[in-house]
Amino acid sequence: MVRVTTPGVRLLPNAITVLALCAGLSAVQFALTKNYGMAIASIGIAAVLDSLDGRIARLLDATSKMGAELDSLSDGISFGVAPALVIYVWQTGADRIGWVASLIFAVCMILRLARFNTLLDDTEQPPYASEFFVGVPAPAGGLLGMLPLVAYLQWGEGWWSSQYVVWAWTVAIAALLISRIPTLSLKTVKAPPKAIAPLLLGVALLAAAIIQFPLVALLAAMVLYLAHIPYSVYRHRWLAAHPEAWTVPPRERRAIRRARSPRRLGLRPPLRRRVAGAAMRAVRLPRETARVPRSTSENGQRRRSWRQIGLRRK
């Protein structure tokens, strides 16, 4: 079956990219009017639109070289230039160090996008490379750079709003953008049919949390994203060391991981600390031999031991 795509439909992904660009630039205007809540919301909307344009282009078979270049330029402005200017405007008493930190953030974002475009044409990457980003992706980096501002809007003045803390955090996120640290990509995640209903329920709960507690939900999302980085590094190293798991589904990967793990599932080891009475005998001996024969006297009569009558030896 041949899919016919009209010219108007082919413009839809590019239109979404332009809307994301407008949302990112609007964050600067909101920051200039001291409306920092709307500035954060604008960058969040730009991140959502950026995640949609590529998927819609692939679904409509409307991918193009112009669309890819436009998407990169939009990401550079929406998640590099706009967050840096918003943070700089927020720190109204910022000195030259603040401007240098903002420049570093914007430049690192552009370098990260340039490297991403070059990796798209790299055909020598292993099959599992599509499951990871190299460094923190642009939308996540733009939102992470504004985490001190989000904390300031939620809790007011504090150590998180100090100029030196803000600029150190900005430079640290800029370093994550251009780093070689692998981070998980949601583009290759596939949900099984049984998980569709729980996922929809989770989306409803997430929407309710964003509506009722937007800043807290955004803070929690950013903290969880930072917490996943060690797991992502571990998973990348494990896949690099196990070529047999590159082309298998996640269930088989888990089976391979359990088979290669030195710890096998089984019974717990015996207790090493002292326990009393029958528990001691059950731990030390198997169930069949746990019974101790009763002692008898010379004439065949049973003799009660000191344990049975509850006395202890001196």
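Residues numbered from 1 in each chain as written. Predicted model: local features only at pLDDT ≥ 70, side-chain atom pairs only at ≥ 80, totals over all residues. Heavy atoms only, no water.

J.: Where do I start with the overall build of the chain in this structure?
T.: For the chain, the count of helices and strands is twelve helices and two strands. The linear arrangement of helices and strands in the chain, starting from the amino end, is α-α-α-α-α-β-α-α-α-β-α-α-α-α. For the chain, the proportion of its 314 residues judged to be buried stands at 32%. Taking all contacts inside the chain whose residues are at least 6 apart in sequence as the whole, residues at least 24 apart take part in 74%. Taken as a whole, the chain presents about 21,400 Å² of accessible surface, with 64% of it coming from carbon and sulfur. (Helix = DSSP H or I, 4+ residues; strand = E, 2+ residues; numbered from the N terminus. Buried < 20%, exposed > 50% of the residue type's maximum accessible area, 1.4 Å probe, protein only. Contact = heavy atoms within 4.5 Å. Areas by Shrake-Rupley, 256 points an atom, 1.4 Å probe, with all protein chains shown as cover.)

J.: In this structure, what is going on with the packing of aromatic side chains? I would like to understand it.
T.: The way to describe two aromatic rings as a pair is by their centre distance and the angle between their planes. If you walk through the whole model with that rule in mind, you get five aromatic pairs. Taken together, a centroid distance of 5.2 Å and an interplanar angle of 70° make the contact between Tyr 88 and Trp 99 edge-to-face. Taken together, the residues Tyr 88 in helix H4 (residues 65-90) and Trp 99 in helix H5 (residues 96-120) connect sequence positions eleven residues apart. Classification of Trp 99 as partly exposed rests on a relative accessible area of 38%. Put simply, the rings of Trp 155, Trp 159 and Trp 160 pair up and form one aromatic cluster. (Phe/Tyr/Trp six-rings, centres within 6.5 Å; stacked < 30°, edge-to-face > 60°.)

J.: I keep staring at the packing of helix H7 (residues 147-155) against helix H10 (residues 214-241) and nothing clicks. Help me out?
T.: For any two helices packed against each other, the geometry comes down to the angle between their axes and how far apart the axes lie. Where H7 meets H10, the axes come as close as 10 Å, and the angle between the chain directions of the two elements is 145°. Relative to H10, the crossing made by H7 is left-handed. Contacts between H7 and H10 involve Leu 147, Val 150, Ala 151, Leu 153, Gln 154 and Trp 155 from the former and Leu 215, Val 216, Leu 218, Leu 219 and Met 222 from the latter. Split into classes, the residues belonging to the contact of H7 with H10 amount to ten nonpolar, one polar and no charged. (Axes fitted to C-alpha atoms, helices over the stretch in contact; angles between N-to-C directions. Left-handed = near helix turned anticlockwise from the far one by under 90°. Nonpolar A, V, L, I, M, F, W, Y, C, P; charged D, E, K, R; others polar.)

J.: Looking at this model, I keep getting lost on the side chain of Ser 185. Mind explaining?
T.: Looking at the secondary structure, you find Ser 185 in the loop between strand S2 (182-184) and helix H9 (196-212). We classify Ser 185 as buried; its relative accessible area is 4%. When near neighbours in sequence (up to four residues on either side) are disregarded, Ser 185 contacts Ser 130, Glu 131, Phe 132 and Phe 133.

J.: What am I meant to see in the packing of helix H6 (residues 138-145) against H10 here?
T.: Axis separation between H6 and H10 bottoms out at 10 Å; the angle between their running directions is 120°. If you check the angle between H6 and H10, you find them oblique. Read as a crossing pair, H6 and H10 show a hand that is left-handed. Residues Ala 140, Leu 143 and Leu 144 of H6 touch H10, and the partners they reach there are Met 222, Tyr 225 and Leu 226. In the contact of H6 with H10, the residues fall into six nonpolar, no polar and no charged. (Parallel < 35°, antiparallel > 145°, perpendicular 65-115°, else oblique.)

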